Every structure is written in C-alpha cells, then in structure tokens.
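Fold and geometry: a report
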Amino acid sequence: TALPLDISAKLENANLKIVEPFFDETFSNIGGTITGNYRISGALNSPSFVGEGKVSNGQIMINYLQTTYQFTGTIGLSPNSIYFKNMDLLDLFRNQGRLNATLTHQNFNSMRINLDASFRNFQILNTTDKDNSLFYGQGYATGDLNITGALNNLQFTSNAKTDKNTRIFIPIDG
C-alpha cells in the first residue's frame, strides 16, 4: 500500500529554475524566486498539493515563440488545479501584459486550461527561419486572448490587432 504523505514547505526566495527540467520542451530560461507556503498530503499514488506563493523577478522563455517575459504574481496549488493569479508580464521591450490562468487536473491527468490574458504592443513572436520553416518573424499585438480546453484540443479566442514593427514571413517554395 502507498505510504501517506504529510510534507509542509515554507519557501523563502526559492529559485524557480528548479522546475525547468519538468517543462524543458515548452519553456526555458526560467528564473526568479517564489516565497510562500505549500503542503503535500495524501497517498503516494495520488498526492494532494495545496498552497500559494508570490513570484519575484520571474523570467520565462516560451520556446515555440522564442519570446522571453519577465513576470510577477501568484502561483497557487489546490488539490485539482494549478493557478496563476494577477501575473503582470513584461516583454523584452518592457511592454505590459496581464495573465490569469487555471490548469485543472485529476491527479495530474486529464489536464484542462482556462487562460485569460490582455496585452499592449506586446511581443508575441520572435523567431527566425531556423526556428520554424512554416512561418517566422517578429510579432507585436494589442488586445486580449482566451485559451480553454483540454491540452490536446485547445480553443483560442482573441480580439487583438498587430502593432508597429510586426514582420511575419511565410515562405512559399515552389
């Protein structure tokens, strides 16, 4: 039988880099610190995570877009979700965005997301033809974005416009 868990962690400026190996296909250059209280309890085969912490000087790169963002805000855990609350974002040009998201799960399976973001003249793409041969370039946008659904079947809804300096290339080879 699985042994019961009862672990409490008080984090004081813990380095966020420690989570990068779990997300290395999607995210890289993770940095910053988190301060908060978390608890793991229950059985080893179905642990329950709860707690909340504040991120300071956060940084993350979204590998597919090659965009790097700085962020602050709250990262929380409940038994069936991971949530990101009032995440203030800055792109490399110090343009602002804001994000709130919840990732729900059943013992870390059947994951679903509900993400709401708003942004102004925000860098949303920073790729070259070496990153993506189908399309690449620099993209900046103002508007909002909602992403919902199962991770293998996401629905994107956006009301946004491209901004100055957006240059997207779609090679047409014949």
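Up top is the structure.
Residues numbered from 1 in each chain as written. Predicted model: local features only at pLDDT ≥ 70, side-chain atom pairs only at ≥ 80, totals over all residues. Heavy atoms only, no water.

**Side note on the overall build of the chain**
The cut-off we apply is this: The way it works is that DSSP assigns letters per residue, a run of H or I at least four long becomes a helix, a run of E at least two long becomes a strand, and they are numbered from the N terminus. Between buried and exposed lies partly exposed: a residue is buried under 20% and exposed over 50% of the maximum accessible area for its type, with that area taken using a 1.4 Å probe on protein chains only. Contacts were defined at the residue level, with two residues in contact if any of their heavy atoms lie within 4.5 Å. Methods summary: accessible areas were calculated by the Shrake-Rupley approach with a probe of 1.4 Å, and residue burial reflects only the protein chains presented. Counted as positive: Lys and Arg. Counted as negative: Asp and Glu, with His and the chain ends omitted from the count. The atom standing in for a charge is NZ when the residue is Lys, CZ when it is Arg, CG when it is Asp and CD when it is Glu.
If you tally the helices and strands in the chain, you get one helix and ten strands. Shown N-terminal to C-terminal, the secondary structure of the chain runs as helices and strands in the order β-α-β-β-β-β-β-β-β-β-β. Each principal axis of the C-alpha atoms in the chain carries an extent, and together these give about 60 × 35 × 30 Å. Of all 174 residues assigned to the chain, the portion counted as buried reaches 36%. Here the analysis covers contacts within the chain between residues at least 6 apart in sequence; of these, 44% occur between residues at least 24 apart. Element-wise, carbon and sulfur atoms account for 55% of the exposed surface of the chain, whose accessible area totals about 11,100 Å². If you average the places of the 13 positive and of the 14 negative side-chain charges in the chain, the two averages end up 7 Å apart.

**Brief notes about the nonpolar core**
What counts here: By nonpolar core we mean a set of buried residues, namely Ala, Val, Leu, Ile, Met, Phe, Trp, Tyr and Cys, connected to one another through side-chain atoms within 4.5 Å.
Membership of the largest hydrophobic core comes to 23 residues, with the highest contact counts inside it found for Leu 16, Ile 34, Val 55, Phe 71, Ile 75, Leu 99 and Leu 115. In terms of residue count, strand 7 (residues 109-127) provides more of this core than any other element does, five residues in total. Excluding residues within four positions of it along the chain, Ile 34 makes contact with Leu 11, Glu 12, Asn 13, Ala 14, Leu 16, Gly 53, Lys 54, Val 55 and Ile 75.

**Overview of the environment of Thr 128**
Inspection of the secondary structure assignment puts Thr 128 in the loop between strand 7 and strand 8 (136-150). A relative accessible area of 39% places Thr 128 in the partly exposed class. Counting along the chain gives 41 residues from Thr 128 to Phe 169, while the straight-line C-alpha distance between them is 9.1 Å.

**Quick word on the pattern of salt bridges**
Note the cut-off: Definition used for salt bridges: Asp or Glu carboxyl oxygen within 4 Å of a side-chain nitrogen of Lys or Arg.
Evaluated as defined, the whole model comprises five salt bridges. Between Asp 88 and Arg 98 there is a salt bridge, and its shortest N-O distance comes to 2.8 Å. Highlighted residues: Asp 88 in strand 5 (residues 81-90) and Arg 98 in strand 6 (residues 96-106), separated in sequence by ten residues.

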